[in-house]
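Single-letter residue listing:
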Amino acid sequence: MDPALLREREAFKRRAMATPTVEKKAKTESSFTAPKDIKKPRPASAAPKIDASNYKTMSGSSQYRFGVLAKIVKHMRTRHQEGDDHPLTLDEILDETNQLDIGSSVKAWLQGEALRNNPKIEFTPDGRYLFKSVFKIKDGKSLMRLLKQHDLKGLGGVLLDDVQESLPHCDKVLKNRASEIIFITRPNDKKKILFYNDRTANFQVDEDFQKLWRAVTVDAMDDAKIDEYLEKQGIRSMQDHGPKKPLLPKRKKLANKKRQFKKPRDNEHLADVLETYEDNTLTQSNAVQEIKQNN
């Protein structure tokens, strides 16, 4: 073995022996263990749980306020759909909805702001409340009157949801008036629309015409292509139909004519008199000149 390496090894051992070291002692486990049934204390900042009784007394909670209001509106709608159309006071409403234990601040908020400004609640002059429906209809006759007015004025149909909300015992009325109403499902949102079934507009269409109508597909064609097809087939009767563009009036071009000044036409009825007067004047002037020359 190389003697130089042996000397370096001995020198390294001497340096290692001369360097002081601190020995870490292993932790001794304590023989005492805490009992399992002792619970850790809760932090002071943790909020207490809200039970049902405590939640109802929290008058400052906006979520609680709007929950009370939503329950009232739902109850008033149900009353109206069942045929109960007499107005109620606030205490009667709270009694029917089992909410008599609300705080005074919530009651003041309902009476002074929430119920009066709600679009589904109507406030009567005597301080009572009613459900405010979309349409003022009470039975089948008023419903048919509404549909007829929409048909005559060209307003279209009426949503079934609005009729169900406004008309008491709606299902029974619609069943009895099924022959006078046309139900159509709107394709974009699948809602049903009610139309008046005007029987005077019913007519029989020939089956051959129905087959031709169903055989023609114009979904992928615009108005220009339809006009072109009709022109090729020699049909020109469709030109006067459809929306027309407003035509602007054409301005008339002023002709470049020279202005001719017309002579005044005054005293045309005295033309003969003026000619006689001129002749007499010339005759007299000639006679006077002859007399002067003779003298």
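Since this is a predicted model, take the numbers as computed values, not measurements. (Residues numbered from 1 in each chain as written. Predicted model: local features only at pLDDT ≥ 70, side-chain atom pairs only at ≥ 80, totals over all residues. Heavy atoms only, no water.)

Colleague: Can you walk me through the nonpolar core in this structure?
Modeller: Taken as a class, soluble globular proteins show a tendency for nonpolar side chains to be buried jointly. With 19 residues, the main nonpolar core has Leu69, Ile72, Met76, Ile102, Leu110, Leu115 and Tyr129 as its most contacted residues. Counting only elements with at least two residues in this core, the list comes to helix H3 (62-81), helix H4 (90-96), helix H5 (104-114) and strand S2 (129-131). Per element, the largest residue contribution to this core is six residues, and it comes from H3. Not counting chain neighbours up to four residues away, the residues in contact with methionine 76 comprise Ile93, Ile121, Tyr129, Leu130 and Phe131. (Core = buried A, V, L, I, M, F, W, Y, C linked by side-chain atoms within 4.5 Å. Buried < 20%, exposed > 50% of the residue type's maximum accessible area, 1.4 Å probe, protein only. Helix = DSSP H or I, 4+ residues; strand = E, 2+ residues; numbered from the N terminus. Contact = heavy atoms within 4.5 Å.)

Colleague: How should I be thinking about the sheet that holds strand S5 (residues 192-196) in this particular structure?
Modeller: Each strand in a sheet pairs with its neighbour through backbone hydrogen bonds, running either in the same direction (parallel) or in the opposite one (antiparallel). Pairing is antiparallel across the open sheet formed by three strands, whose spatial order is S3-S5-S4. Two strands lie at the open edges of the sheet, namely strand S3 (158-159) and strand S4 (181-185), each paired on one side alone. One ladder, built from five bridges, connects S4 with S5; its direction is antiparallel. The partner of threonine 185 across the bridge, within S5, is lysine 192. Together, S3, S4 and S5 form the strand contacts of helix H6 (residues 140-152), whose direction differs from that of S5 by roughly 85 degrees. (Pairing = 2+ DSSP bridges. Axes fitted to C-alpha atoms, helices over the stretch in contact; angles between N-to-C directions.)

Colleague: Got a minute to help me understand a nonpolar patch on the surface in this structure?
Modeller: Taken together, Val216, Val218, Met221 and Tyr229 make up a surface patch of nonpolar side chains, about 360 Å² in accessible area. In this structure, methionine 221 sits in the loop between helix H9 (207-215) and helix H10 (223-232). (Patch = residues over 30% accessible without salt bridge, like charges linked within 9 Å, V, L, I, M, F, W, Y side chains within 5 Å. Areas by Shrake-Rupley, 256 points an atom, 1.4 Å probe, with all protein chains shown as cover. Salt bridge = Lys/Arg side-chain N within 4 Å of Asp/Glu carboxyl O.)

Colleague: Looking at this structure, I do not really get the pattern of salt bridges. What am I missing?
Modeller: Pairs can form between side chains of opposite charge once their charged atoms are near each other. Taken as a whole and assessed by the stated rule, the structure comprises eleven salt bridges. Put simply, lysine 107 and aspartate 91 hold a salt bridge, and the shortest N to O gap is 2.8 Å. Of the two residues, lysine 107 sits in helix H5 while aspartate 91 sits in helix H4, which places them 16 residues apart along the sequence. The salt bridge partner of arginine 128 is glutamate 92, with a shortest N-O separation of 3.7 Å.

Colleague: Quick question: what am I supposed to make of the side chain of threonine 97 here?
Modeller: Checked against the element boundaries, threonine 97 lands in the loop between H4 and H5. Given the relative accessible area of 5%, threonine 97 is considered buried. Within polar-contact distance, the side chain of threonine 97 engages the backbone oxygen of isoleucine 93 at 2.8 Å. When near neighbours in sequence (up to four residues on either side) are disregarded, threonine 97 contacts Lys71 and His75. (Polar contact = N/O pair within 3.5 Å; in protein donor to acceptor, adjacent residues only side chain to side chain.)

Colleague: In this structure, what is going on with the pairing of S5? I would like to understand it.
Modeller: Bridge analysis of S3 against S5 gives two bridges, and the strand direction is antiparallel. Paired with valine 158 across the bridge in S5 is leucine 194.

Colleague: Explain the packing of H3 against H5 here, please?
Modeller: At a minimum axis separation of 11 Å, H3 and H5 run at an interaxial angle of 60 degrees. Taken as axis vectors, H3 and H5 run oblique relative to one another. With respect to the hand of their crossing, H3 and H5 are arranged in right-handed fashion. Touching Tyr64, Arg65, Phe66, Val68, Leu69 and Ile72 of H3 are Ser105, Val106, Trp109, Leu110 and Ala114, all from H5. Classifying every residue of the contact of H3 with H5 gives nine nonpolar, one polar and one charged. (Parallel < 35°, antiparallel > 145°, perpendicular 65-115°, else oblique. Left-handed = near helix turned anticlockwise from the far one by under 90°. Nonpolar A, V, L, I, M, F, W, Y, C, P; charged D, E, K, R; others polar.)

Colleague: I keep staring at the packing of aromatic side chains and nothing clicks. Help me out?
Modeller: Centre distance and the angle of the planes are the two values used to describe a pair of aromatic rings. The full count for this structure, using the stated rule, is three aromatic pairs. Ring plane angle 80 degrees and centroid distance 5.4 Å describe the contact between phenylalanine 66 and tryptophan 109, whose orientation is recorded as edge-to-face. Taken together, the residues phenylalanine 66 in helix H3 and tryptophan 109 in helix H5 connect sequence positions 43 residues apart. For the ring pair phenylalanine 123 and tyrosine 129, a centre distance of 5.3 Å and an interplane angle of 55 degrees mean the geometry is tilted. Tyrosine 129 sits in the buried class, given a relative accessible area of 2%. Against the face of phenylalanine 123 rests arginine 116, its NZ or CZ located 4.1 Å from the ring centre. (Phe/Tyr/Trp six-rings, centres within 6.5 Å; stacked < 30°, edge-to-face > 60°. Lys NZ or Arg CZ within 6 Å of the ring centre and 35° of its normal.)

Colleague: Where do I start with the confidence of the model for the chain in this structure?
Modeller: Close inspection of predicted coordinates is inappropriate for parts of the model with low pLDDT. Residues of the chain with pLDDT of at least 70 account for 66%, and the chain-wide mean is 76. Note on residues 44-60: pLDDT is under 50 here. Beyond four places in sequence and across chains, it has eleven contacts. (pLDDT = per-residue confidence, 0-100.)

Colleague: Even after reading the chapter, I still don't get unusual backbone geometry, so can you show me in this structure?
Modeller: Note: most peptide bonds trans; most residues except glycine with negative phi. Positive phi values are uncommon outside glycine, yet asparagine 98 reaches one of about 55 degrees. Of note, the phi angle at histidine 169 is positive, near 55 degrees, even though the residue is not glycine. Tracing the sequence through the fold places histidine 169 in the loop between helix H7 (160-166) and helix H8 (170-176). Of the residues examined, histidine 169 reaches a relative accessible area of 48% and is grouped as partly exposed.

Colleague: Before we go on, may I ask you to explain a negative patch on the surface in this structure?
Modeller: Among the surface-exposed residues, Asp222, Asp223, Asp227 and Glu231 lie close enough to one another that they form a single negatively charged patch. With respect to the secondary-structure elements, aspartate 223 resides in helix H10. When its relative accessible area of 60% is taken as the criterion, aspartate 223 is described as exposed. (Lys, Arg positive; Asp, Glu negative; His and termini not counted. Charge placed at Lys NZ, Arg CZ, Asp CG, Glu CD.)

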